[in-house]
Amino acid sequence: MIHMKSMPCAYILPLFFFLPSLFAQAQQENLQGDALSFSFSKGYGQVEVGGRFAGLEFHNSRPLPSRISFFYPVANSIDLSKDYWRRAESRPMAIGLKIGGGERHWIGDEPWEYTLSPHTVSFRKRDSVIEHELTYEFCLTQPAFVVTYTLRNLLNSELPLEVYTHLIPDLRTCQTYARKDSAWTDYNGTTNALIAYFDDPETNRATVFVQNVGAMPSLWTSSAAEINPQNNGTSEWLSSGGERWKNTLLPQSGKGKSVAAFMYRQVVKPLGLIKIVQVIGSCRPQEVQALLAMLQSSCSQEVVRYDDFVRRKTERIDAFHTGDSRLDRSAVWARGILAANAHYLDGAIVPMPCPAEYNFFFTHDMLLTDLAAVNFDLDRVKKDLLYLAAHAKEQIIPHAYYWKDDGFKTEYCAPDNWNHLWFILVAAGYLRHSLDDSTALSLYPLVTKSVDALLTQHKKDDLMYAKHPDWWDIGNREGPRAYLTILTIRALREYLFFSSYVGKRSSKLLSLEQLADRMQSALTAKLWDEEASYLINFNQEDQDKHFYAGSLLAPVYNVLDQARSRRLVETASRELVDNRIGVRTVAPADFHQDSVITYFKLVGKEGGDAYVYINGGVWTHSTAWYILALQSIGKLDKAVDFFKRTMTLDGIAQSPLGQPAMYEYRFADLFSPEHGKVDKPSFLWAAGFYLNVLYKLFAVEENEWNISAPAVKPALYDSIRYTLSFGSTKEVIIDGKGTKFSSLTFDGKAIPSRVLPLNTANAKQGRVQFGTPPDPYLDQINAIVNAVQYEADKHVLHCTVSSFEGHRVKVSVVAKSKVKRIEVNGNPVLEIDHAAHGGGTFRSSITFAGSDVVQKLSFFF
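Computed from a predicted model, the values in this text were never measured in an experiment. (Residues numbered from 1 in each chain as written. Predicted model: local features only at pLDDT ≥ 70, side-chain atom pairs only at ≥ 80, totals over all residues. Heavy atoms only, no water.)

## Overview of the sheet that holds strand S18 (residues 219–223)
Strands sit in the order S7-S6-S12-S19-S18 across an open sheet of 5 strands; the sheet is antiparallel. Edge positions in the sheet fall to strand S7 (105–107) and S18, since each has one partner strand and no second. Sheet twist, expressed as the mean angle between neighbouring strand axes with direction ignored, is 20 degrees. Here strand S6 (residues 93–99) pairs with strand S12 (residues 159–167) via 7 bridges, running antiparallel. Bridge assignment links Ile 99 to a residue of S12, and that residue is Leu 161. (Pairing = 2+ DSSP bridges. Helix = DSSP H or I, 4+ residues; strand = E, 2+ residues; numbered from the N terminus. Axes fitted to C-alpha atoms, helices over the stretch in contact; angles between N-to-C directions.)

Structural data, given as structure tokens:
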């Protein structure tokens, strides 16, 4: 039995070997519109799927994995490759077939069509004699996955079959990636399992087992010497069959190279089938026998429960419906990735970047994903933030956490680490959506520490400095960075809100606000290049001639004026945008050249060749930032079009060398036959960015201080329905024929505000209408809004707000007429700006000084 700090025990339920696999059912559902099922038959591409305890990586649409990752008891992998960029050559699992008196041959060397979900995959191939299906499913609470190989006889006559399988269980250790290929073995005849014991502390003394729970093998061996399995997926079975097999075990006193090889012989009835079901997993040696007994009777229920867990998280709890099948299907898929990309690590289930690669925890991946999750899954975000707090040291948050060699290791964030920025943004976003001041107070020392750490990179020119270019983690040439400066401005303003909400007001807040304002001025004055029409970095005194995607955050976070924002987006469109697949990280893509490597002090070609990986590859977040930048300059419909083309599941699949994927990066050389090739196709924060952009384009606006209904909506979408977290989880409907905000109601009560006031936190049903506004409403404000009320008989709009002493509060209201008078705490405001808002309405705006106590605003019409 395995023991986890936070996991329930598995139920003991019967195993029905000959029921159709889950994915046979899922394929049928796909024909009826299953959003978690995508069929692909183009014969190329990478696949990754996984669960909490194991993950699989496939290449070139082959049905046998190149890598198997285990996460229990620690993160060990089965990977026979010798070069990361050639990892497709690894073939640890093999299948062979002999039909009647025919020749033996290998199965699965060629591409098969497949049906994919974020948490399972089924490969299929059909010839004139046999229909093959290989399905991979994962357990919910036990450290194993289930492989089902079904061979269906298509003839009206009996079919003698010999089926051979092997798994080379050699382990790669986490982080060090040392290969461990010496084990002793055992066979349990009761549970029909071969077990390889790796008595090596670097693997945490893990065992690997292969258990048969379907058709029973006629022969087996655990000795690699008997069949000589190769890294390329072959063995001597092809020439000798099972002649040398002796059901051999490797004794503990004579450890050696092991294999889990099985031979199945059966005469299949006309139109009948043979179903080989192997349960493959890893655990501690003292747990293995009890675990095998449990899995023998409960593995089928385990995969059902895991499938149900993912589907509940994606289809039955949270929802986002635009009426556009591409957008809505991708929203379900993205939530599926968020549910599936979570692995066991030292007693907890934590978010992980990939199903099979990167088998260690990264704070960065968690935080970028949670930028989206605050909109719909506050429990997840709270758990994640508290996990970081639990692993912090002296209030410094972790950068990474993983097993290495002899124990679990923590890397902490250095002062210039961008995780400080994202931590502040996510913590503030969680508070803004949850209003959970108790959790926020517990996080406050860590958030403050991150602010203090960041500001060690602030120089006297009011810019932020770093050694790495843009958002990268490679390079060693210090200078002022647009990306870091933009995010620091945003983070400081988020900290002002965070501190005000939890009652941590002091004179420090006004100083930080003034610093953020100076940094915003310096960003334009010193990094804006008039000729390039872009925010350009420096390396010491040298201007960096590269265009980096990180500068796109300036319009996204509204720290650049509209005129320059439009020019910056135009430049990005010319220099960085590939209209077919997305937005490149940098231009020119020359970080593979010797002169550039030397200048930036890179370690060889760690950035990748041209248009590979970080060196000009297309990354999801670069594309997301470009889309949000388009939205920020008023090009919403263009943003939606680019979003559908480059970030939806169908859009990606239909693009050059496309496939069903939410990926880390794509190869971006326009003139290469591999243009568009996807790497890491099931990437956690790619799914997070999809949901983040979806909410921002269609559902919410958000500044540092509050959440608002959208001011405009895309032209072709009349009705949108989604869940939104604000205090409680709300079901919100957007409708109306206009393109501009008209009115907001919660639980049937009119709220004269586009900004969500705190007194709507417990409401359950919301409705946003577009058209002509019937009454004046609060449009924008950079302060906490407690309540808003409109006295129709007196034509006065009241609202109460909170911030801090001296805060520069900007507020605007919209109405069919210009406001006549505005009062703050009963005192008239003398300077009011009026502007046409379109549709016969006007926007009236003021600026005033905030206070440590609640302020009452009154707008007289």
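Still more ground to cover, so stick around.
## A few points about the packing of aromatic side chains
Taken as a whole and assessed by the stated rule, the structure comprises 54 aromatic pairs. Here the aromatic rings of Tyr 534 and Phe 547 are separated by 5.3 Å at their centres, their planes lie at 70 degrees, and the arrangement is edge-to-face. In this pair, Tyr 534 is assigned in strand S30 (residues 534–535) and Phe 547 in strand S33 (residues 547–548), connecting sequence segments 13 residues apart. Across this residue pair, the class does not change: Tyr 534 and Phe 547 are buried. With 5.2 Å between their ring centres and 70 degrees between their planes, Phe 683 and Trp 685 make a pair best called edge-to-face. Comparing Phe 683 with Trp 685, the two get one shared label, buried. Over the ring of Phe 309 we find Arg 52, and its NZ or CZ is 4.7 Å from the ring centre. (Phe/Tyr/Trp six-rings, centres within 6.5 Å; stacked < 30°, edge-to-face > 60°. Buried < 20%, exposed > 50% of the residue type's maximum accessible area, 1.4 Å probe, protein only. Lys NZ or Arg CZ within 6 Å of the ring centre and 35° of its normal.)

## Quick word on the pairing of strand S43 (residues 728–735)
Examined bridge by bridge, strand S42 (residues 720–726) and S43 share 7 bridges and lie antiparallel to one another. Bridging across to S43, Leu 724 finds its partner in Lys 730.

## Structural notes on unusual backbone geometry
Backbone torsion omega between Tyr 72 and Pro 73 reads 0 degrees, so that peptide bond is classified as cis. When you line up the elements, Pro 73 lands in the loop between strand S4 (67–70) and strand S5 (76–79). Cis geometry marks the peptide bond from Ala 587 to Pro 588; its omega dihedral reads -5 degrees. Positive phi, close to 70 degrees, is recorded for Gln 395, a residue that is not glycine. Position of Gln 395 among the secondary structure elements: in the loop between helix H7 (378–390) and strand S25 (398–404). Positive phi, close to 50 degrees, is recorded for Asp 747, a residue that is not glycine. Following the sequence through the fold, Asp 747 ends up in the loop between strand S44 (741–746) and strand S45 (749–751). The exposure class assigned to Asp 747 is partly exposed, which follows from its relative accessible area of 47%.

## A closer look at the nonpolar core
Ranked by internal contacts, the top residues of the largest apolar core, which has 222 residues, are Tyr 136, Phe 145, Trp 422, Leu 535 and Tyr 690. With residues near it in sequence (within four places) discarded, Trp 422 still touches His 364, Leu 367, Leu 368, Leu 371, Tyr 483, Leu 487, Tyr 557 and Trp 625. Cys 174, Tyr 197, Ala 342 and Ala 400 belong to the second-largest nonpolar core, a separate cluster that totals 31 residues. (Core = buried A, V, L, I, M, F, W, Y, C linked by side-chain atoms within 4.5 Å. Contact = heavy atoms within 4.5 Å.)

## Regarding the sheet that holds strand S38 (residues 665–666)
Read from one edge to the other, the open sheet built from 3 strands follows the order S37-S38-S39, with strand pairing classed as antiparallel. The open sheet terminates on both sides in strands that have one partner only, identified here as strand S37 (618–619) and strand S39 (678–679). Bridge count between S37 and S38: 2 bridges; the pairing is antiparallel. In the strand pairing of S38, Trp 619 is matched with Tyr 665.

## Comments concerning the pairing of strand S8 (residues 113–117)
Moving residue by residue along a regular strand, the side chains alternate between the two faces of the sheet. Counting buried positions along S8 gives 4 out of 5 residues, so the element sits mostly inside the fold. Connecting the antiparallel pair S8 and strand S9 (residues 120–126) is a turn made up of 2 residues.

## Some remarks on helix H18 (residues 684–698)
Since the α-helix advances by 3.6 residues per turn, residues separated by three or four positions end up pointing in the same direction. The first and last C-alpha atoms of H18 sit 22 Å apart over 15 residues, in line with the 21 Å expected at 1.5 Å per residue. Of all 15 residues in H18, 14 are buried; the element is thus mostly enclosed. (Expected span 1.5 Å × (residues − 1).)

## Some thoughts on the environment of Ser 511
Secondary-structure assignment places Ser 511 in helix H11 (residues 507–527). For the pair Ser 511 and Gly 806, spaced 295 residues apart in the sequence, the C-alpha separation amounts to 9.9 Å.

## Remarks on the environment of Val 374
Within the secondary structure, Val 374 sits in the loop between helix H6 (363–373) and H7. Of the residues examined, Val 374 reaches a relative accessible area of 4% and is grouped as buried. Along the backbone, Val 374 and Phe 726 are 352 residues apart, and their C-alpha atoms lie at a distance of 9.0 Å. The contacts of Val 374, once residues within four sequence positions are left out, are Val 381, Val 426, Gly 429, Tyr 430, His 433 and Ser 725.

## Some words on the packing of helix H8 (residues 419–434) against helix H9 (residues 437–454)
Closest axis-to-axis distance for the H8/H9 pair is 9 Å, and the angle between their directions is 155 degrees. Here H8 lies roughly antiparallel to H9, going by the angle between them. Crossing angle aside, the handedness with which H8 passes H9 is left-handed. Contacts between H8 and H9 involve His 420, Leu 421, Phe 423, Ile 424, Ala 427, Tyr 430 and Leu 431 on the former and, on the latter, Asp 437, Thr 439, Ala 440, Leu 446, Val 447, Ser 450, Val 451, Ala 453 and Leu 454. Looking at side-chain class alone, the contact of H8 with H9 contains 12 nonpolar, 3 polar and 1 charged residues. (Parallel < 35°, antiparallel > 145°, perpendicular 65-115°, else oblique. Left-handed = near helix turned anticlockwise from the far one by under 90°. Nonpolar A, V, L, I, M, F, W, Y, C, P; charged D, E, K, R; others polar.)

## Quick look at the packing of H8 against helix H10 (residues 482–501)
Their axes nearest at 9 Å, the elements H8 and H10 cross at an angle of 35 degrees. Read as a crossing pair, H8 and H10 show a hand that is left-handed. For the pair H8 and H10, contact is made by Leu 421, Trp 422, Ile 424, Leu 425, Ala 427, Ala 428, Leu 431 and Arg 432 and by Tyr 483, Leu 484, Leu 487, Thr 488, Arg 490, Ala 491, Glu 494, Tyr 495, Phe 497, Phe 498 and Tyr 501, respectively. Of the residues assigned to the contact of H8 with H10, the class counts are 15 nonpolar, 1 polar and 3 charged.

## Quick look at the pattern of salt bridges
For the structure on display, the rule yields 51 salt bridges. Here Lys 382 ties to Asp 436 by a salt bridge, and the two come within 4.0 Å at their closest N and O atoms. Placement of the pair is Lys 382 in helix H7 and Asp 436 in the loop between H8 and H9, with a sequence separation of 54 residues. Given the relative accessible area of 16%, Asp 436 is considered buried. (Salt bridge = Lys/Arg side-chain N within 4 Å of Asp/Glu carboxyl O.)

Function cannot be inferred from these measures alone, as they are strictly geometric.
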